[in-house]
Amino acid sequence: MSQSPSTSASSVLHVDDDPALLDLTAEFLTRTQSDIDVHSVTDVDEALSVLDAEPVGCIVSDYDMPGTTGLEFLDTVRERYPDLPFILYTGKGSEEIASEAINAGVTGYLQKGGAEQHRRLVNRVDHAIREYRAQTESQRYSTVLEALGYPVYVVDADGRFSYVNDAFVDLVGYEQSELVGAEPDLIKADESVAEINEALRTVVSSSGPDIEHVEVEIRRNDGDRITCKDHIAALPFDDEFRGCAGILRDLSDQRARERALQRQNERLEELVSVISHNLRTPLSAARGAADLAAETGDAEHFDALTRAHERLEGMLDELLTLARTDERTTTTEAVAVPTVARAAWETVDSDRATLAVDVDRTVVADPDRLRRLFENLFTNAVAHGGAHVTVTVGAVEGDVPGFYVADDGPGIDPEHRDTVFEPGVSMSADGTGFGLAIVDRIADAHGWDVDLTESADGGARFEFVGTESVDADRTARSAASD
């Protein structure tokens, strides 16, 4: 059980078998502290009834009472309310009683006397109530903060951590024993420490806010860096600074969402720009062909109209694919690169072109998107490499494994290699300008890096690195078990 005093008023329970002293003490307490309510009782049983009925902020008890002592009463109180302030106010004073009272854990020990002793009692009661109220509120806030899971810390007046909660330990990756007693620069970058100190100077100034919000960089024990919002406030103090407390909020997810939203907006603006620019040509061609067909009735104009519509349909299909490939790949599986490459080749109008597969690698990927990547690369190679082009799918070896698609065609001018992945850019009058942009987006959706270089035969070579490889034997065993 625990007592929790009201934040607007405080009650004092005074126990003494002398009614006259009770009245005098109540007069001193209420005259000096107008917000104090005093419950005056003459025996312990009545005092316990009061304790069970309503909140009490402090107990003042006599020592020598009929049938019991103040210290016996203290033992009963401590069993029920361990933290409740208890002041022994007695006329029977001795060093032995004082020592026994202190060892028993009384909040204060005063001997009865005249007006001066009553004033000392009032001051001691006021201080005990304020301390108890602060302790209770601190426990409440601590419970709430622990339930919310926020990382919380306290730095003392010497600039060292004096308290960190479990959420703080989890965030920074250090043990609690490593943090308590350490300076904040153990986990905060130098610039962040400087910003926190400046914010703290503002908080403790007479005209400053109660709380400052500072963005800080946290250096975890494993070397990772986390951007956090630090909500910092000074601990309550009168004349001497006692330290500060802070709550950290990890901004990593928020920053990731902001970057994703910014990226999405940029892609949307890019698509709008491409649509408004690239669709004008086939639309103009279709409009012109329709006008001529209406005027002349010649079949060639209807054929031109059909070709313009087919081009529009192709561009819209590619635009839709381009928009969808912006989404991060979430459904992946072990995919054999040779199998997907050969399946993609079957859908390409390859004429007399040749596919050579020189790779035995299995990667973690979305099979449909990977197939579309190969289809677009093969189509691009056949369109620009000539009727007899040879397209090779091979393995990229080294520290960062991957695969490549190369051809022996004329290649791509180095001056244009930086722009071929941009939507709407095409090296052919008949191209949609979205094929390689889709390839780039599919690679990005998988977290792969794509690089355009020159093949050994002088053609184009597209390298994809950063792919997560899977052991081929393990994949075969898994497929067989299925």
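These numbers were taken from a predicted model, which means no experiment stands behind them. (Residues numbered from 1 in each chain as written. Predicted model: local features only at pLDDT ≥ 70, side-chain atom pairs only at ≥ 80, totals over all residues. Heavy atoms only, no water.)

**Topic: the pattern of salt bridges**
Applying the stated criterion to the full structure yields 15 salt bridges. Of the charged contacts, one joins Arg361 and Glu397 as a salt bridge, the two residues approaching to 3.4 Å between their closest N and O atoms. Remark: Glu397 occurs in the loop between β16 (390-396) and β17 (402-407) and Arg361 occurs in the loop between β14 (354-358) and β15 (362-365); sequence separation between them is 36 residues. Exposure remark for Arg361: the relative accessible area of 14% places this residue in the buried category. With relative accessibility at 60%, the residue Glu397 sits in the exposed group. In this structure, Arg461 engages Glu463 in a salt bridge whose closest nitrogen and oxygen atoms are separated by 2.7 Å. Of the two residues, Arg461 and Glu463, neither departs from the other in class, the shared state being buried. Taken together, the shared-partner salt bridges connect Asp16, Asp62 and Lys112 into one network. (Salt bridge = Lys/Arg side-chain N within 4 Å of Asp/Glu carboxyl O. Helix = DSSP H or I, 4+ residues; strand = E, 2+ residues; numbered from the N terminus. Buried < 20%, exposed > 50% of the residue type's maximum accessible area, 1.4 Å probe, protein only.)

**A closer look at the environment of Phe237**
With respect to the secondary-structure elements, Phe237 resides in the loop between β11 (225-234) and β12 (243-250). Residue class for Phe237 comes out partly exposed when judged on its relative accessible area of 32%. Expressed as a C-alpha distance, the spacing of Phe237 and Val204, which sit 33 residues apart in the sequence, is 9.6 Å. Setting aside residues no more than four positions away along its own chain, Phe237 makes contact with Val204 and Arg242. (Contact = heavy atoms within 4.5 Å.)

**Remarks on the sheet that holds strand β2 (residues 36-41)**
Within a beta sheet, neighbouring strands are joined by backbone hydrogen bonds and run either parallel or antiparallel to one another. Read from one edge of the open sheet, five strands run β2-β1-β3-β6-β7, paired in parallel fashion. Each edge of the open sheet is held by one strand with a lone partner, namely β2 and β7 (108-111). Ignoring strand direction, the axes of neighbouring strands in this sheet form an average angle of 20°. Across six bridges, the pairing between strand β1 (residues 10-15) and β2 is parallel. Counted as the bridge partner of Val15 is Val41 from β2. (Pairing = 2+ DSSP bridges. Axes fitted to C-alpha atoms, helices over the stretch in contact; angles between N-to-C directions.)

**Looking at the confidence of the model for the protein chain**
With 82% of its residues at a pLDDT of 70 or more, the protein chain has an overall mean of 81. Put simply, helix α15 (residues 472-481) is where the protein chain has its lowest mean pLDDT, 43, and β17 is where it has its highest, 95. Here residues 5-9 is modelled with pLDDT under 50, and outside its nearest four sequence neighbours on either side it reaches 13 contacts, counting other chains as well. Across residues 472-482 the pLDDT falls below 50, and counting only partners more than four positions away or on other chains, this stretch makes four contacts in the model. (pLDDT = per-residue confidence, 0-100.)

**Regarding the packing of aromatic side chains**
Applying the stated criterion across every chain, the model contains 10 aromatic pairs. Consider the rings of Trp345 and Phe378, whose centres lie 5.2 Å apart with planes at 75°: the pair is edge-to-face. Residue Trp345 is found in helix α12 (residues 337-346), and its partner Phe378 is found in helix α13 (residues 367-385); the two are separated by 33 residues along the sequence. Grouping residues by exposure puts Trp345 and Phe378 together as buried. (Phe/Tyr/Trp six-rings, centres within 6.5 Å; stacked < 30°, edge-to-face > 60°.)

**Describing helix α1 (residues 19-32)**
In this model, α1 (14 residues) spans 20 Å end to end at C-alpha, consistent with the 20 Å of a helix rising 1.5 Å per residue. For α1, the full list of buried residues reads Leu21, Leu22, Thr25, Ala26, Phe28 and Leu29. Take α1 and look down its axis: the buried residues cluster within an arc of 165°, on one side only. Facing away from the buried side of α1, by more than 90 degrees, are the exposed residues Ala20, Asp23 and Arg31. Its side-chain oxygen placed 3.1 Å from the backbone nitrogen of Ala20, Asp18 serves as the N-cap of α1. (Expected span 1.5 Å × (residues − 1). Arc of directions from axis to C-beta. Polar contact = N/O pair within 3.5 Å; in protein donor to acceptor, adjacent residues only side chain to side chain.)

**Brief notes about the sheet that holds β14**
What the five strands build is an open sheet, ordered β14-β16-β17-β19-β18; its pairing is mixed. Both edges of this open sheet fall to β14 and β18 (449-454), since each of them pairs with a single strand only. Pairwise comparison of adjacent strand axes, ignoring direction, gives a mean angle of 15° for this sheet. α13 contacts β14, β16, β17 and β19 (460-465) of the sheet and is inclined by roughly 25° relative to β17.

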